Structure formats: structure tokens, C-alpha cells
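Secondary and tertiary structure notes
Here's the letter readout for the chains.
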Amino acid sequence: MASQVRLRLLPSARCLFDEPIQVKVAGLRSRQVVSLRASSTDDKGTVFSSAATYRANGNGEIDLKRDPSLSGSYVGVEPMGLLWSMTPDSLHKRLQKINALNPSMVKFSVHEEAGEGRILAEATNERILMGDGVIRVPIKEGNIRGVLFTPPGRGPFPAVLDLYTFGGGLSEKRASLLASRGFLVLTVALYGHDDLPKNIKEIHLDYLEEAVEFLKKLTKGSSKKVGVISLSKSGDLALSVASYLPDVEATVWINGCSANVALPLYYKKRQIHSALMFDLKKVIPTESGAFNTKYVLNNPLAEENKGSLIPIERAKGHFLFVASEDDLNWDSKAYVDEMVERLKRHGKEKFESVSYPGAGHYLEPPYGPYCPSSFHGVLGKPVLWGGEPKSHAAAEVHMWKKIQDFLRNHLSSDAAQNRAKL
């Protein structure tokens, strides 16, 4: 009996991390109830897993695109539910993919619902972070420490600086996936990587300027414009890059702040922004051991904090503001509302914004496990990120396409030529 059951992953068992797959089971008994499970181990050894109960149709088949989960990690028709609903085997862990050369391996299995849950069929999904032909080169040039991802083909490619997030070290996942979609992407570390200091007390915009200039040298063709993509603390760094440096044509700000947070910002040996600080008395503990920090940050609009507010009205390029309405790290939506109002007041129109109800702070490329809480680099303790798994997963799918469309629209050489004609 067990050998007849087949588990298929379509269109292929190997795909990019940000691509959906179709999970199908055949060879079951008519109306048989089974458990479908998924598990994956990240680069730090944390095991993520999910399980959902399904009933086969009259032909003994299950199709996750068509059939609802009856119970388990999620319910209803959710074709990618087994992936986004995976939870870690220990509290406050986020899926860590450190090196883009290592694919994410997900084991899918079908189990008898009764008894010991005997395995009836299994299949492995290899979710790669780098598309075929993408070139990965570690960069150690001047002060820059990072990794450059170049798509296959002759180019020119739209060039993007990926600032990812704050917490030391380097993250390659988003950069390598963007390169797999046709972007030339440099992701840089601020500290805690290679020969950079373990910790920092200030940030120098000159370092990010060096990274922007490095990318501009690599862009072939007429357009020397670059884009910037960020998340969380790096959101305000992206705003500063867009406001102070030339040739930054497109800036993606994801769940950041409108002011310079936590560390003073210097440029050409002079402090240009003070640090907006936290009131740790406003941290709310929760039963899980993680903290709610939504209202911990001081008000950037208060007179004493005006030195931290970034003058985005000076920016020449375009902004895409992405906010999660259930962000518990801080009130991203309020910061977007303030920035939009300020840009309008200055007669600026080069911006668009999108906000997602039910989504949490950590918006990443889609189909990874939703992360409710993990260690916070600045606070040094676990925090709640907010959101609800299903809404958060849907937001990531929508956002990922929107980001690529935005960057392509403003950075591709065709876009530059069309603007010149206008």
C-alpha cells in the first residue's frame, strides 16, 4: 500500500526560494485522511516544521491548490501553507540563511493520520537562493565589505544597494534573489563581518557613499542611477542615502523610521544627525519571554528630537514606502503617514506607499517561515515582530512583486531613455 502513494512537487522539485510550488498526492484510498508535513533546517541548525491534515478526494488524490487543510498549522486552501506556517523547534528563532550558495532544503512527507503516523511518501524541495548563472563575488575594496551578485547575460542591469537590516554581519538572501530576477545587487555589512569592528558607536554616510559609487562604476549604459533597498533600522540609512547623495533614483523603505535611530550619523567627518533614542521604560514584557517595543522609540517630531529627522524632501529620486500595520517593533505606519504628509507639504510627488493589515515587522522575500519573535540586535533581547502568519505571508508575496516593479520602473535604462524623451 505505502509504495503506491506518490508525493509530487510541481513544476519541479528544484526552484528559487521566492517561487511557489504545487504539492500533489496521489495513490491514497478514496477519502483517506492523512497528515502532510514539511521540515527544514537552517544554517544555524534550527529545525522548522509544519503539519496539516487533509482528506483525499474520491480518486485518492490531494492537491494543495484545490483542497483545504482541515486542521494543523493552518486551515483552509493555502497552496504554500506548509512553508509559511513552519515554526522553529525553539522559541524566538528566525530562519537564518547566511550564504546564498546554500539552498534551503525542505522535506515534504505524507503520513497516516492514525497510530504512529507511518510515512507513506516523501519528496525534497530544493529552494535555491541563486538562480542559474548568477555570479557571487565577495567584495573587499577600499572600505567596502560585502558581496556582489551579478545576473547572467550582458546587461546593463538595474543596480541596487541592499542595506538589509541592522544586527552585524551580512545577509545574502534578499540580494541573491533580486539578482536572480535581473538586478545587479551589492549587499554590504556595517559591522561584525570580515575585518570590520565587532560593534559600532556611530555610522558614517561616507561608507554608504563609497558603496553607491562602486555600484555606479559597474553600471553599463547611459544610466548611472542606483536603487537602495532596506528593512527596519537600515530604512533610515536608506532615507539618508537618498537625501544626501546624488544619483539615487529609487529607494525602498520597509518598516523603518523617518528619523535616524540609535546611532549618530556622520558625513565628511561632521555629525549630520543625532540619534533618536528609546525609552526602555515603555518596553512591555509578554508571557512568551519576548518584549513588545511598539511605543518605545521617542517621538521624532518632538522639538528635542528634530536633529534626528531626515530631510527626505531634499531627495531627487523616487520612494516606495512599505509599512506593516501590525508591526510591533515600532509604529512603521505612523512614520509613513508623517513622511507622506511632509513630502506633499513640500510639493513632492515622487513617492508611493503600500501598507499591509495583519503583517508584522520582518517582511522578507516570500515563502519563508513567518517569524513572530526573535533576538533584537539593539535591545539585546527577544522582541515580538507582530503580524498574523497568513496575512504576513500574503503581504510578502505582494510586496516582493511590487518592489521589483518599482526598481525596474525607475532604474532600467529603458526607463531613463523614456524619461529623457519626455
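A quick note: this is a predicted structure, and the numbers were derived from the prediction, not measured.

1. With respect to the overall build of the protein chain
- Helices and strands together make up the secondary structure of the protein chain, namely 7 helices and 25 strands.
- Against the globule reference of 22 Å for 422 residues, the protein chain gives a C-alpha radius of gyration of 23 Å, in line with a compact fold.
- With the C-alpha coordinates of the protein chain rotated into their principal frame, the extents come out at 75 × 55 × 45 Å.
- Within the span of the protein chain, comprising 422 residues, buried residues form 56% of the whole.
- Separation of charge centres in the protein chain, based on 54 positive and 47 negative side chains, amounts to 3 Å.

2. Some points on the sheet that holds strand 6 (residues 62-63)
- Read from one edge to the other, the open sheet built from 3 strands follows the order 1-3-6, with strand pairing classed as antiparallel. Every other strand in the sheet has two partners, leaving strand 1 (6-10) and strand 6 as the edge strands with one partner each.
- One ladder, built from 2 bridges, connects strand 3 (residues 22-26) with strand 6; its direction is antiparallel. If you follow Val25 over to strand 6, its bridge partner there is Ile62.

3. Some details on the sheet that holds strand 19 (residues 270-273)
- In spatial order, the strands read 15-18-19; together these 3 strands make up an open sheet with mixed pairing. Two strands bound the open sheet, and with one partner strand each, they are strand 15 (203-204) and strand 19.
- Relative to strand 18 (residues 265-267), strand 15 runs parallel, the two being bridged by 2 bridges. Considered in strand 18, the bridge of His204 is made with Tyr266.
- Against the sheet, helix 3 (residues 205-218) touches strand 15, strand 18 and strand 19, its axis set at about 60° to strand 18.
- Contacting strand 15, strand 18 and strand 19, helix 4 (residues 233-244) crosses the sheet at an angle of about 110° to strand 19.

4. As for the nonpolar core
- Within the largest apolar cluster, 130 residues are counted, with the highest numbers of intra-cluster contacts made by Leu36, Phe108, Leu186 and Phe321.
- Domain assignment of the residues forming this core places at least three in each of domain 1 (6-128) and domain 2 (135-413).
- Setting aside anything within four residues of it in sequence, one finds Leu186 in contact with Ile139, Ile144, Val147, Leu148, Val160, Leu161, Asp162, Ala211, Phe214 and Leu215.

5. Remarks on helix 5 (residues 332-345)
- Taking 1.5 Å per residue, 14 residues should reach 20 Å; helix 5 reaches 20 Å between its end C-alpha atoms and fits that length.
- The complete set of buried residues in helix 5 reads Ser332, Tyr335, Val336, Glu338, Met339, Val340, Arg342 and Leu343.
- The inward-facing, buried residues of helix 5 abut helix 4, strand 17 (248-254), strand 22 (318-324) and strand 23 (351-356).
- Positive phi shows up at Gly347, right after helix 5, with a value of about 75°.

Cut-offs used in this document
Residues numbered from 1 in each chain as written. Predicted model: local features only at pLDDT ≥ 70, side-chain atom pairs only at ≥ 80, totals over all residues. Heavy atoms only, no water. Helix = DSSP H or I, 4+ residues; strand = E, 2+ residues; numbered from the N terminus. Rg over C-alpha atoms; globule rule 2.2 N^0.38 Å. Buried < 20%, exposed > 50% of the residue type's maximum accessible area, 1.4 Å probe, protein only. Lys, Arg positive; Asp, Glu negative; His and termini not counted. Charge placed at Lys NZ, Arg CZ, Asp CG, Glu CD. Pairing = 2+ DSSP bridges. Contact = heavy atoms within 4.5 Å. Axes fitted to C-alpha atoms, helices over the stretch in contact; angles between N-to-C directions. Core = buried A, V, L, I, M, F, W, Y, C linked by side-chain atoms within 4.5 Å. Domains from an automatic or database assignment. Expected span 1.5 Å × (residues − 1).

From the geometry alone we can't say anything about function, so treat these as descriptive.
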